[in-house]
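Listed below, chain by chain, are the residues.
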Amino acid sequence: MTIRTGVEVVVWGGHGQKGPLEIHPLQCYQNKLKLAIIGQSLFGQEVYSNLRKQGHKVVGVFTVPDKDGKADPLAVAAEKDGTPVFKFPRWRVKGKPIPEVVEAYKAVGAELNVMPFCSQFIPMNIIDQPKHGSIIYHPSILPLHRGASAINWTLIHGDKKAGFTVFWADDGLDTGPILLQRDCDVEPNDTVDTLYNRFLFPEGIKAMVESVQLIADGKAPKVPQTEEGASYEGIQKKSNAKVNLAQPAEAIHNWIRGHDKVPGAWTVIDGQPVTLYGSSMLARSVPAGQPLDIEGASQPGIVTKNGLVLYGTDGKALMVKNLQFEDGKMIPASKYFSSGESSSVELTDDEKKMAEEIRNIWKGILSNVPAVEDTTDFFKSGAASMDVVRLVEEVKQKCAGIQLQNEDVYMATTFQDFIQMFVRKLRGEDQEEELVVDYTKKEVNNMTVKMPHQCFINGKFEDAENGKTYNTINPTDGSVICKVSYASVGDVDRAVAAAKEAYDNGPWGKMNPRDRGSLLYKIADLMEEHQEELATIESIDSGAVYTLALKTHVGMSIQTFRYFAGWCDKIQGKTIPINQARPNRNLTFTKKEPLGVCAIVIPWNYPLMMLAWKSAACLAAGNTLVLKPAQVTPLTALKFAELSVKAGIPKGVINILPGSGGMVGQRLSDHPDIRKLGFTGSTPIGKQIMKSCALSNLKKVSLELGGKSPLIIFSDCDMDKAVRMGMSSVFFNKGENCIAAGRLFVEESIHDEFISRVVEEIKKMKIGDPLDRSTDHGPQNHRAHLDKLLEYCEVGVKEGATLVYGGNQVDRPGFFMEPTVFTDVEDHMFIAKEESFGPVMVVSKFKDGDVDGVLQRANDTEFGLASGVFTRDINKAMYVSERLEAGTVFVNTYNKTDVASPFGGFKQSGFGKDLGEDALMEYLKTKAVTVEY
């Protein structure tokens, strides 16, 4: 087989994006091209790098000249690889190509020009020179939004779809034939940055690589653009970016976000132009605040604790986060009326020395300024956005642990203001305001429960970035409890950044272990103080019977935090004797260190307890975390977030993101800054998570997955106890129990008596409102799960199992399922192999005395989470327990878990442990240190 390698490609650079984007080849392509790359920025660099990875040969990179001594990222990558790089300031003069530039281009012999993004005018004789011509990336769905600023206009016009086009260059303005297009939904609060980072950048790189391969394979289409629906818009300037406030709120919102950050939509407040940043539509009632007259507005705005509320002519509202004045100073919109009130602080001698060191940093950046005075303005002295990044990073390097953000520079633009801000942060005087919680309140269970319902990121409750919400449902009657924020990928990225900052630079990583333990004890104390409220929330959100929620869901959560709080100052390494490097001597020891930022994804059956099992060990080890509760049961996790602030946990250490597993969970699996992911859930999702964690950055993973736990009941058992515990093994927590006995094997001589007594006891069970203290059996967690259980029972009947009791939905409002018993279940049946995760007892007989036979049947499953055996014969009990292939074996008991005992499964039930010292090790890494002396 012959492999072609003779096509050259030219790539033109693109917009900026943090972090590399890896394209994993799905197949080994035969046809390769020689390419020329023309353009600049990180987008072009990524296209260039990925084309080379696919085997194409880049014969020349044509980019812009260095700026202030710095080469463009595309040039940097190409020069590092030894690829010829050309930095022409222009390609033509007075409309005519520059001959020496054209000759230099022709000399590389490219067969295709690849232009991911190019800010220069390229002559047509260059466009048409290669054998395959030229392809260009454009960030709109052509023919819509031809011209520059296409992403901005997508938002300004309120398009419901955004996207990009790879097209063949011609002599028109973005009018060439289309090769490939991709689109995505525009979220309600998308900005240029979020659209670009979420879709246009990563998918655009993949599309450029795909387009080149289509050309190499001779399969690239050329679809003529239609003029129907075509539009052209030019670059927006500051002078014409004034927002028209006499229109509906959504149009105002679109105008502001379409101009965020450049050139910035502006209006007139108190006689001066003010630029508006960070717009989002308000989906709920407007918080209280102080009115503010704004020129041209249909009614006064309101300065609230969250920002500036603006009204449209339709009466709907939007929120603006930040304001920037003519002098370049930016403030939180919430601080408009208090922006000039802060008094200056007197500096200590040490702080004065630090101020002079920072003055030298300013001098290094503002090299054009003769001297940095107290009144020197950073931006009026010529500083740009990259200088902001440099200032922040140099100051943070000089003063480790200072919590400084780029936005702080915009809000303290003069040297004097900057030093005042810096000193306040250094002293901790800029501490966050008291936690603001927009509670949903309900009078229920003879109390008022107050439930947070927003994302919890960096110590604050806030709406999802895209403004989306969803309903969380009370399974007792199907009613809506409240709307909960539906976190986006952008929210995940912000939460991970907050957790990383808290770990790298915050007080958590520097804290004494014993002090860390004290904070975890405080969390446990606060949970105990609020245990009735937590149990009530757990009951209405998950359907758990209140008495069980109080004792187990909440009670064991409190015990878990206390247990791991005690471990904080007992995490130890070892000294290890090794062969000495004579004549010198060696000391080798190990250290146990935290992993960094950890992600935790928990299920819906024990919402608070699963949070505690994983989070307590994670925090005790010194990590920070981002936790995603189950979409259907987010409320106790968000209440826990509130209590963590009251306990004094520093901001960023704990972050809680309600939302979908497909979006939030997947992004956590993929995120490069997360070092460990702990998951409890289904086996198929666990496999997907493990794959994503491996492909992203080889995260450490622990998985507690599905089960089909066998319970073997021998004829010599204590029958009363076997019946009681056998029922508990199945019906505990409505059967929504990871370790539930998925299959009971009952010795033949006692089988009928056992079934008769079980059915007799089931009939005594009270099914009803979980808040009723006499209720034994509450509703299933959510509608879809109830439907799945009913289908499970139908399959059991169809396959020939005997339905002894139940199998139906209870005739009352809500998601109630009858406790169910199947007998005569044969090994090949679906219900013998698959987990129900509900109140369904699946019973099979085994012959009297056939210990090895029943063991073989019990182990004939791909799961191995838990198991049990009932017998009075201790020898038999030990023999069976040694041979059962499960992470936990219960003997003459069931569901007996303890915070000190490790919990986890074998085989496809996962790996890794919750609880006990073993769980702590899941969140630590071992470092070996060898010293020669």
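Since the structure is predicted, the reported quantities are computational estimates derived from the model, not experimental observations. (Residues numbered from 1 in each chain as written. Predicted model: local features only at pLDDT ≥ 70, side-chain atom pairs only at ≥ 80, totals over all residues. Heavy atoms only, no water.)

How should I be thinking about the sheet that holds strand E24 (residues 575-576) in this particular structure?
Each strand in a sheet pairs with its neighbour through backbone hydrogen bonds, running either in the same direction (parallel) or in the opposite one (antiparallel). With antiparallel pairing, 3 strands are arranged side by side in an open sheet as E24-E25-E41. At either margin of the open sheet sits one strand with a lone partner, and together these are E24 and strand E41 (924-932). In this structure, strand E25 (residues 586-594) lies alongside E41, joined through 9 bridges in antiparallel fashion. By the bridge assignment, Lys-592 is partnered in E41 with Thr-926. (Pairing = 2+ DSSP bridges. Helix = DSSP H or I, 4+ residues; strand = E, 2+ residues; numbered from the N terminus.)

I'm lost on the nonpolar core in this one. Help?
Most often, soluble globular proteins keep nonpolar side chains buried together rather than apart. Met-527, Phe-561, Ile-713, Leu-744, Phe-754 and Met-841 are the most contacted members of the largest nonpolar core, which totals 103 residues. Counting residues per element, this core draws most heavily on helix H17 (residues 607-620), which supplies 11 residues. When residues of this core are assigned to domains, at least three map to each of domain 4 (453-704) and domain 5 (709-908). Ignoring any residue separated from it by four or fewer positions in sequence, one finds Met-527 in contact with Leu-534, Ser-557, Ile-558, Phe-561, Leu-608, Phe-640 and Leu-643. Counting residues in hydrophobic clusters, the runner-up holds 39 residues, among them Leu-51, Val-186, Phe-201 and Val-212. (Core = buried A, V, L, I, M, F, W, Y, C linked by side-chain atoms within 4.5 Å. Buried < 20%, exposed > 50% of the residue type's maximum accessible area, 1.4 Å probe, protein only. Domains from an automatic or database assignment. Contact = heavy atoms within 4.5 Å.)

I tried to follow the environment of Gly-328 on my own but got confused; where do I start?
Along the chain, Gly-328 falls in the loop between strand E16 (317-324) and strand E17 (330-332). Overall, Gly-328 belongs to the buried group, its relative accessible area being 14%. Once the C-alpha coordinates of Gly-328 and Leu-635 are considered, the two residues, 307 residues apart in sequence, prove to be 41 Å apart. In this structure, Gly-328 is in contact with Tyr-410 and Thr-413, ignoring residues within four places of it in sequence.

Quick question: what am I supposed to make of a nonpolar patch on the surface here?
A cluster of nonpolar side chains, namely Leu-587, Val-931 and Tyr-933, defines an oily patch on the protein surface of about 280 Å² accessible area. When you line up the elements, Val-931 lands in strand E41. (Patch = residues over 30% accessible without salt bridge, like charges linked within 9 Å, V, L, I, M, F, W, Y side chains within 5 Å. Areas by Shrake-Rupley, 256 points an atom, 1.4 Å probe, with all protein chains shown as cover. Salt bridge = Lys/Arg side-chain N within 4 Å of Asp/Glu carboxyl O.)

How should the environment of Thr-376 be read in this particular structure?
Mapped onto the fold, Thr-376 is located in the loop between helix H8 (349-365) and helix H9 (385-398). Note on Thr-376: relative accessible area 10%, which makes it buried. Leaving out residues up to four positions away in the same chain, Thr-376 has contacts with Trp-362, Leu-366, Ala-371, Ser-381, Thr-413, Thr-414 and Phe-415. Among the polar contacts made by the side chain of Thr-376, one reaches the main-chain amide nitrogen of Glu-373 at a distance of 2.7 Å. (Polar contact = N/O pair within 3.5 Å; in protein donor to acceptor, adjacent residues only side chain to side chain.)

What's the story with the UniProt feature "active site" (unreviewed entry) in the chain in this structure? I'm lost.
Those residues carrying the UniProt feature "active site" (unreviewed entry) are His-138, Glu-704 and Cys-738 in this numbering. Separation in sequence by 601 residues is matched in space for these annotated residues, since their most distant C-alpha atoms are 50.1 Å apart. Among all residues touching Glu-704, those that are not within four sequence positions of it are Phe-679, Thr-680, Gly-681, Cys-738, Leu-865, Phe-903 and Ser-909. If you trace the backbone, Cys-738 turns up in the loop between helix H21 (719-731) and strand E32 (741-747). When residues no more than four places from it in sequence are discounted, the contact partners of Cys-738 are Asn-605, Thr-680, Glu-704, Glu-835, Phe-837 and Leu-865. (UniProt positions renumbered as here; feature names shortened; annotations may be inferred.)

How do you make sense of the side chain of Thr-413 when you look at a structure like this?
Following the sequence through the fold, Thr-413 ends up in the loop between helix H10 (406-410) and helix H11 (415-427). Looking at Thr-413, the relative accessible area reads 3%, which means it is buried. Of note is the side chain of Thr-413, whose polar atom sits 2.9 Å from the side chain of Asp-377. Those residues within four positions of Thr-413 in sequence are excluded, and the remaining contacts are Gly-328, Lys-329, Trp-362, Thr-376, Asp-377, Phe-378 and Phe-379.

What should I look at first to understand helix H18 (residues 635-647) in this one?
Residues separated by three or four positions in an α-helix point in the same direction, a consequence of the helix having 3.6 residues per turn. Compared with an ideal rise of 1.5 Å per residue, which puts 13 residues at 18 Å, H18 spans 19 Å between its outermost C-alpha atoms and is within 8% of the ideal. Judged by how many residues are buried, H18 sits mostly within the fold: 11 of 13 residues are covered. Of all the positions in H18, only Leu-635, Thr-636, Ala-637, Leu-638, Lys-639, Phe-640, Ala-641, Glu-642, Leu-643, Ser-644 and Ala-647 are classed as buried. Residue Gly-648 follows H18 closely and has a positive phi angle near 100°. (Expected span 1.5 Å × (residues − 1).)

Hey, could you run me through the packing of helix H14 (residues 513-529) against helix H16 (residues 546-567) in this one?
To characterise two packed helices, one gives the angle between the axes of the helices and the distance between these axes. For the pair H14 and H16, the least separation of the axes is 8 Å and the interaxial angle reads 165°. In terms of their interaxial angle, H14 and H16 are classed as roughly antiparallel. Crossing of H14 over H16 shows left-handed handedness. Along the contact surface, H14 presents Gly-517, Leu-520, Tyr-521, Ile-523, Ala-524, Asp-525, Met-527 and Glu-528, while H16 presents Ser-557, Ile-558, Phe-561, Arg-562, Phe-564, Ala-565 and Gly-566. A per-class count over the contact of H14 with H16 returns 9 nonpolar, 3 polar and 3 charged. (Axes fitted to C-alpha atoms, helices over the stretch in contact; angles between N-to-C directions. Parallel < 35°, antiparallel > 145°, perpendicular 65-115°, else oblique. Left-handed = near helix turned anticlockwise from the far one by under 90°. Nonpolar A, V, L, I, M, F, W, Y, C, P; charged D, E, K, R; others polar.)

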